[in-house]
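Residues per chain are reported as follows:
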Amino acid sequence: MSELCDRTIHELGAGLRQGEFTSSDIVKSVAARITAREPRINAYITRLVDQALEQANNLSRPSADSPALYGIPVAIKDNICTKGVLTSCGSHILSDFVSPYDAFVTERIKAAGGIIIGKTNLDEFAMGASNETSYYGPVRNPHDETRVPGGSSGGSAAAVAYGGAIAALGSDTGGSVRQPASFCGVVGLKPTYGRVSRYGLVAFASSLDQIGPLTRDVTDAAIMLQAIAGRDLNDSTSVDAPVCDFAPAADVSGIRLGLVKECFGEGLDPATGDAVQSMVKAIAPRCKQVAEVSLPHVQFAIQTYYMVCMAEASSNLARYDGVRYGLRVEGCPTLEEQYERTRGTGFNDEVKRRILLGTFGLSKGSIEEYYGTGQKVRTLIRRDFEQAFRDVDVMIAPTTPTPAFKLGEKTTDPLAMYLADIYTAAPSLAGLPAISIPCKTRVNGLPVGLQIIGRAFDEKTVLKVAYAFEQL
Amino acid sequence: MVRKLGKLSRLALNDDEIERFGEQTDRIIAYFQSLKALDLKSVEPTSHVIDVECWCRPDERRETLKCLPNLFPYLKYGYFQVPRIIDEAADKRRPVHTELSDE
């Protein structure tokens, strides 16, 4: 039998209810793994092991009615507010910011019985695809420590992969849950925009940001989504859509799968493509239909995504001014200089680049040509999906064009880094739910992900298809 | 251009950053240009992917967050502390430029 820290939420829940072990045993197992791996992996910015153990020690044996995460150690990405705990966003500028309140999702995890085991590392302000831009140092991939874990939720993905958490929350703006899930060999779900409240998620690109779980299997992803989904009066973009029972069944006999033609062409590493295709081949006989679909404007997704997200980021990050939240460069003669020097010191290169480009894209004379164009192409990408979903129930694409790349490989070439989101950005622009699950075959010993994209608010079908793939 | 953008976005940049970001932003903006090939004349922009319904939460009394020290670490005598601005000479109050073509 595997160690407790390597098991799933549903396995541990069953064991807890049967009295095979206690929540303290689980926390101790996770804590021991953190101690062993963390010095190399660096998945956590803040570890809350002592508090977690104290909480676990006070728990009694759960009953059949106990909530789904009862006694389970869950990690939370450090751009999600946690009351009384540092919420740094991986940034120098927020390196002293202790949140005075819990995000909606943090409250929900606690209400479901989850124990917060720590706050995970990320690319600064969730801007990146490699987790190399954090003020707290890079995260390493647990499968190969010379490689990146993906980003921006790289700490959450790595922690779940190495047994440093049973499950974790991340945030996904253009692929930041799915891409690290692919690189670390775990499951990562981006729910429909509006499915989960963003209250207490530090804003990066408000029209795209969405919180989602990283887990060991699809059933756990459903459990986590169940815990965090729903309307919240504190987020006017959270939608009052019915929250169904997400628990997946493997019956896909009525499902029509669509393979996104544009995601299997040039730029895709052949071995990664083969790993995805062999999964599709294996599931095809169980489905109603497998067909190719075309999303003609998906080739413009990266440009569109970055135009939109940089503009929104430049606006959202204007609030970090040295007056509020944390870092202030002292001794400036004027308020304006204090703003400039605080922001110049507090942000790293990637955040600065995005603020500069976003400011460019929103400036008078450029706004129509850049932000306006981005918003219009976004419409075309949405329409492509709407059209294709007339013929299929879910769409399949690789999550990433390659397995995890080497640390430092793309740090001097921002454009190459942006292309790591090439298959994940389009569903984000359309606000659609999408999941990354590990393929059965690895590429040079490294995990790669298969992405399943669904209709808006149809996470149920996405999870069902993901579960069927997992059962192959 | 980067120097000007730095000013607009209140980011102090050193010469090395101005040079580096200049090259990188030029390349990225050139990459964005590929969207010019699309005919977008009759396309409506998307600013929200969902139909956002305007609604308000109930206007009820809630517990006040005891959070000022977290959000504003530089408090003095119950006020937010910033560099003196009242007696700044008017010439130090530089206007905010929004036209990139100014420079």
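Before any of the text, the structure's been laid out above.
Here the structure is a predicted model, which means the values were calculated and not measured.

(A) Local environment of the interface of chain A and chain B. Listed per partner, the contact involves 77 residues of chain A and 59 residues of chain B. For the pairing of chain A and chain B, the buried interface totals around 6,000 Å² over both sides, and the portion due to carbon and sulfur atoms is 66%. Summed over the shared surface of chain A and chain B, the result is 6 salt bridges. Here Arg 27 of chain B and Asp 413 of chain A are joined by a salt bridge, their closest N and O atoms 3.1 Å apart.

(B) Quick look at unusual backbone geometry. Residues and elements named next belong to chain A. Of note, the amide linkage connecting Gly 151 to Ser 152 takes the cis form, showing an omega dihedral of 10 degrees. Mapped onto the fold, Ser 152 is located in the loop between strand S3 (115-120) and helix H5 (154-162). In this structure, Cys 89 is a non-glycine residue whose phi angle is positive, near 60 degrees. Assignment of secondary structure puts Cys 89 in the loop between strand S2 (73-77) and helix H4 (104-111). Backbone geometry at Ala 126 places phi at a positive 65 degrees, although glycine is not the residue there. Counting through the fold element by element, Ala 126 comes out in the loop between S3 and H5.

(C) Local environment of the nonpolar core. Core analysis: the largest hydrophobic core is formed by 91 residues, its most contacted members being Ile 117, Ile 437, Leu 450, Ile 452 and Phe 469 of chain A. Looking at which element gives the most residues to this core, the answer is helix H7 (residues 218-228) of chain A, with 8 residues. Residues Leu 295, Met 307 and Phe 360 of chain A together with Phe 32 of chain B belong to the second largest nonpolar core, which totals 77 residues.

(D) Quick look at a negative patch on the surface. A cluster of like negative charges, contributed by Asp 15, Glu 19, Glu 23 and Asp 26 of chain B, occupies part of the molecular surface. Note on placement: Glu 23 of chain B falls in helix H2 (residues 15-32).

(E) Inspection of the pairing of S2 of chain A at higher detail. Residues and elements named next belong to chain A. Along S2, 5 of the 5 residues are buried, which leaves the element largely enclosed by surrounding structure. As paired elements, S2 and S3 share 5 bridges and run parallel to each other. Residue pairing across strands places Lys 77 opposite Thr 120, the latter belonging to S3. Following the chain from S2 across H4 to the adjacent parallel S3, one finds a crossover that is right-handed. Across 3 bridges, S2 lies against strand S4 (residues 167-172) in parallel orientation. Of the residues in S4, the one forming a bridge with Ile 76 is Leu 169.

Thresholds applied
Residues numbered from 1 in each chain as written. Chains lettered and ligands numbered in written order. Predicted model: local features only at pLDDT ≥ 70, side-chain atom pairs only at ≥ 80, totals over all residues. Heavy atoms only, no water. Contact = heavy atoms within 4.5 Å. Buried area = accessible area lost by both parts, 1.4 Å probe. Salt bridge = Lys/Arg side-chain N within 4 Å of Asp/Glu carboxyl O. Helix = DSSP H or I, 4+ residues; strand = E, 2+ residues; numbered from the N terminus. Core = buried A, V, L, I, M, F, W, Y, C linked by side-chain atoms within 4.5 Å. Buried < 20%, exposed > 50% of the residue type's maximum accessible area, 1.4 Å probe, protein only. Patch = residues over 30% accessible without salt bridge, like charges linked within 9 Å, V, L, I, M, F, W, Y side chains within 5 Å. Areas by Shrake-Rupley, 256 points an atom, 1.4 Å probe, with all protein chains shown as cover. Lys, Arg positive; Asp, Glu negative; His and termini not counted. Charge placed at Lys NZ, Arg CZ, Asp CG, Glu CD. Pairing = 2+ DSSP bridges. Right-handed = clockwise from strand over helix to strand, strands pointing away.

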